[in-house]
Amino acid sequence: MDFNMYQKEVQLKDGAKVLLRPMVAEDQDDLYEFFKAIPREEVRYLRDDVQSRLLVEKWAKNLDYNKTLPILAVKDGDIIADATINRRRSGWKWHLGTVRLFVHKDYRNVGLGHLMIEELGRIAYELKIEKLIVEIPGLNTAAVNAFSKEGFYRAAVIPNMVKDRENRPVDVVVMMKDIKPAHDDEYDYDF
Ligand SMILES: CC(C)(COP(=O)(O)OP(=O)(O)OC[C@H]1O[C@@H](n2cnc3c(N)ncnc32)[C@H](O)[C@@H]1OP(=O)(O)O)[C@@H](O)C(=O)NCCC(=O)NCCS
């Protein structure tokens, strides 16, 4: 799959058209603005300090789709969602992809999360990833529901696994989706 050529137009439930495409270095400032708009109560539960300009600069500078593939949803020039698939290319996790997804608050509940999770599944299949994994703070029902609807199952709940920004322990729900059986190039997956 050539990600320099990849882009896809999708339609939200309200009819709005959105472009899905990989992040490029020039997206740096817009991505920073996108993360800056995340409300405090949600930032608390994110893995990285995405509101750090330095971190976003680092991501833009070190883009390597083989390690981290960031897919942006863009509407009228604005980034309205960001999803990533992370991979390790060697070792015992080489066949896994770890997913992250954030939809801008103003564009939730119109099917964008659904479309992006579905597209991540398709991309993972093309990349020969066998399983996708997502780690979700236990109290995030919206995310657990959104991933369940796309065929992710609850593989584990790890109590007190992470700390929020106020250093309070938070349970993590690990959800997985089987994308492709091992060593079966002929497998016809029904998305
Ligand atoms: C989770 C998230 C990605 C969902 O995105 P979205 O675009 O609003 O999702 P959709 O509109 O496609 O909804 C998909 C399903 O999610 C579930 N869902 C969405 N919002 C929900 C809510 N507030 N409460 C309960 N379920 C919800 C529903 O099952 C919904 O399906 P339905 O519309 O058929 O009922 C979005 O809320 C988000 O970005 N949250 C913050 C970041 C995050 O939690 N990321 C996931 C972990 S990496």
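Just above, that's the structure.
Residues numbered from 1 in each chain as written. Predicted model: local features only at pLDDT ≥ 70, side-chain atom pairs only at ≥ 80, totals over all residues.

Draft legend 1. Local environment of the overall build of the chain. Scanning the chain for helices and strands turns up five helices and eight strands. Helices (α) and strands (β) of the chain occur, in sequence order from the N terminus, as β-β-α-α-α-β-β-β-α-β-α-β-β. Against the compact-globule benchmark of 16 Å for 191 residues, the chain has a radius of gyration of 16 Å, which places it among compact chains. Put simply, the chain has 191 residues, and 25% of those count as buried. (Helix = DSSP H or I, 4+ residues; strand = E, 2+ residues; numbered from the N terminus. Rg over C-alpha atoms; globule rule 2.2 N^0.38 Å. Buried ≥ 20, exposed ≤ 12 C-beta atoms within 10 Å, placed from the backbone.)

Draft legend 2. Representation of unusual backbone geometry within the structure. Of note, N160 is a non-glycine position whose phi angle comes to about 55°, a positive value. In this fold, N160 is placed in strand β7 (residues 153–163). On the basis of neighbour count, N160 is assigned to the exposed category, with 11 C-beta atoms found within 10 Å. Even without a glycine there, the phi angle at N167 is positive, about 70°. Structurally, N167 can be placed in the loop between β7 and β8 (169–178). Since 6 C-beta atoms lie within 10 Å of it, N167 is described here as exposed.

Draft legend 3. A look at the sheet that holds strand β2 (residues 17–22). Overall, mixed pairing links the eight strands, which are arranged β1-β2-β3-β4-β5-β6-β8-β7 in an open sheet. Each edge of the open sheet is held by one strand with a lone partner, namely β1 (8–11) and β7. In this sheet, adjacent strand axes meet at a mean angle of 25° when their direction is disregarded. In terms of strand pairing, strand β3 (residues 68–75) meets strand β4 (residues 78–86) through eight bridges, oriented antiparallel. Within β4, the position partnered with K75 by the bridge is D78. (Pairing = 2+ DSSP bridges. Axes fitted to C-alpha atoms, helices over the stretch in contact; angles between N-to-C directions.)

Draft legend 4. Representation of the site of the ligand within the structure. As a structural note, the neighbourhood of the ligand is formed by 21 residues, with R108, G113, H114, A142 and A146 the closest of them. Going through the elements one at a time, β5 (96–103), α4 (112–126), β6 (131–137) and α5 (141–149) are the ones with two or more residues in the shell around the ligand. Looking at the shell around the ligand element by element, the count peaks at six residues for α5. In terms of residue class, the shell around the ligand is built from 10 nonpolar, seven polar and four charged. (Near = placed C-beta within 6 Å. Nonpolar A, V, L, I, M, F, W, Y, C, P; charged D, E, K, R; others polar.)

Draft legend 5. The pairing of β6, seen in detail. Alternating positions in β6 separate cleanly, L132, V134 and I136 being buried on one face and K131, I133, E135 and P137 remaining unburied on the opposite face. Of the pairings in the sheet, the one linking β5 to β6 comprises three bridges and is parallel in character. When the sheet's bridge partners are listed, T98 is paired in β6 with I133. Where the polypeptide runs from β5 across α4 and back to β6, its parallel neighbour, the crossover connection is right-handed. (Right-handed = clockwise from strand over helix to strand, strands pointing away.)

Draft legend 6. Representation of the packing of helix α1 (residues 28–36) against helix α3 (residues 53–61) within the structure. Close contact between α1 and α3 brings their axes to 9 Å; oriented N to C, the two are set at 140°. Judged by the inter-axis angle, α1 sits oblique to α3. Where α1 crosses over α3, the two elements pack in a sense that is right-handed. Residues Q28, L31, Y32 and F35 of α1 touch α3, and the partners they reach there are R53, V56, E57 and A60. Residue composition of the contact of α1 with α3, by class: five nonpolar, one polar and two charged. (Parallel < 35°, antiparallel > 145°, perpendicular 65-115°, else oblique. Left-handed = near helix turned anticlockwise from the far one by under 90°. Contact = placed C-beta atoms within 7 Å.)

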